[in-house]
Amino acid sequence: MPQRYGRVLQIIRTEEMREKSLRMREAMLVAFPNHPELSIALSSAFAMVVLRCERLLRQMKQRWNPWVAISNNERWLDDFEDATLRGNFRSDRGRIRELIRLLEIPEWLRSPTCGRLLKVEEAFLLLLRRLAGRGTLTHLATIFDRTAPALSEMYNVILRHVYRIARVSMHLELWEDELAAFAHELQEQGCPLPHCFGFIDGTMFDICHPIIDQESMYNEWKRGHKTKYQCVVLPNFLIGGWHGPASGQTNDSVMLGDSRLIPRLQGKRDRFGSTLYMYGDSANPECDVLLRARKGNKITRSKRMLARDMSRYRESVEWVFGKLGNIWPFISNKTRKVTCLRATGCCVTRCSGLTRSRRWLRGEGWDASKLVAHTKSTQVESNFTCWGLA
C-alpha cells in the first residue's frame, strides 16, 4: 500500500474512533439515571479517549504535513554551495549545467496546465533531488522555497521533457557505426567470442502493491509485484538499448520480441560487414544476432567452459543495474512507485538516461560530442525512419 494511502487510512480510523467516543460519552451521561456516579465515571473515560484521539490527530498531521514558511522565490544553481550540490543532487555545478546542455533543455519551460514559465535550473535540480533522495514534498519545500503544488507541477513538466530525450537516446541504432569497433575491443580484451559487441539482460524492480491488474504485475519467482526492463550494455559500460516497463509476468523472450531489437539488427547485417551478435543468458532465444549461455547436463564440456568464461563479461549488465540503484534511490523505494498513479516507468527510464549522461561527462564513454549530435530530434527521427522505428 502507498505510504500516503496508509496515512490517510490511519487518520480516517482515528477520526472515526473520536466520533464514536463522543457519541458514547453523551450516551453514558443518561444511561444510568439511578447510578449517577457510574454515568460520570464512564463518561469521563470516553472523554479521555476523545482527548487521546485529538492529540494523536494533531501529532500525525504535524509529522506528515508540517507547516513550512514559503516565500515562492526562485532558486538558482548559484544559490547552492558545491558540497550541497554533490550531496543532494549527485553532481557539481559544472556537470549539472553540462547535463542541461546535453539533454537540450531550454532555458524556460512552459507548464501546459496553467501556462506559467518555469526556470529550467530550478526544475532540473528538483528532478535530481527527487530521484536521489527519499524526501517528501514538504522536505523539498524547505530546499526550494516552493509550495507542494508548485513543486509537483514543476516536476511533471521537467519529467516529460527529460523522458522524451532519454527514451530516444538509449537505442542501439545510435551506435551502429561503432559496433564493429566494440567487437574488436572485446576480442582484444580476451573475449572468447570474436564478433560479440554487447550484452543483453533483463531486470526487475519492486513496485507498490497495485490497485488494479495485481495478477499481471505479480512475479511468482520473486514473490512480489514487479516491473521488468531490458537493457543492452556496450563495452564502454554505457546503456546502448533500453526497453520497458513490462509487467512482472513478462518473459525475457517476450520483451525481446516487443522491443523489435532482433529484426532491426538483422536488417542491418549487410552494413556491418561481418556477423555481429549480442550475448545473453539462457532465458533469451538464440538466433544469428543473439547468442545465449548454455545450461543443462547434456551440453559438452567446451560449451560449459565457454559459458563460464563469458559470464565474466556478461555480468557488466548487473553492474549497470546496481549502479542505477546506488545513484538513484528512487528505483529501490517501492512505496513511491505506484502504478496508475505515478509515471513509474518514465522515472526508471529517466534514471537510466541520466546515468548514461553522467558517465559521458565523467569521460567513461567514447566521444562525448556524439551524444549531443545523437540527441538532436531531427537526426533521431531520421535514424528511426531508416531503421523502421518511425
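Residues numbered from 1 in each chain as written. Predicted model: local features only at pLDDT ≥ 70, side-chain atom pairs only at ≥ 80, totals over all residues. Heavy atoms only, no water.

Time to look at the layout of surface pockets. Reported here for the second largest pocket is a volume of approximately 510 Å³. Lining the second largest pocket are 19 residues, and of these G202, T203, M204, W221 and K222 lie nearest its centre. Elements represented by at least two residues in the lining of the second largest pocket include exactly β3 (196-206) and α14 (316-327). Residue contributions to the lining of the second largest pocket peak at six residues, all from β3. Here the lining of the second largest pocket is built from residues that sort into six nonpolar, five polar and eight charged. (1 Å grid on protein atoms, 1.4 Å probe; cavity = no way out; pocket = protein on both sides within 12 Å on 5 of 7 lines; lining within 4 Å. Points joined across faces, edges and corners; volume = space filled by probe spheres on them. Helix = DSSP H or I, 4+ residues; strand = E, 2+ residues; numbered from the N terminus. Nonpolar A, V, L, I, M, F, W, Y, C, P; charged D, E, K, R; others polar.)

Counting 59 residues, the largest nonpolar core has I96, I105, F124, W242, W328 and L354 as its most contacted members. Ranked by residues supplied to this core, first place goes to helix α5 (residues 120-132) with nine residues. (Core = buried A, V, L, I, M, F, W, Y, C linked by side-chain atoms within 4.5 Å. Buried < 20%, exposed > 50% of the residue type's maximum accessible area, 1.4 Å probe, protein only.)

With the exception of glycine, the majority of residues adopt a negative phi angle, and the majority of peptide bonds are in the trans configuration. Unlike most non-glycine residues, D145 shows phi in positive territory, near 60°. Of note, D145 is situated in the loop between α6 (137-144) and α7 (148-169). Given the relative accessible area of 16%, D145 is considered buried. Positive phi outside glycine occurs at R223, with the angle close to 55°. By the secondary structure assignment, R223 is in the loop between β4 (218-219) and β5 (224-233). Given the relative accessible area of 71%, R223 is considered exposed.

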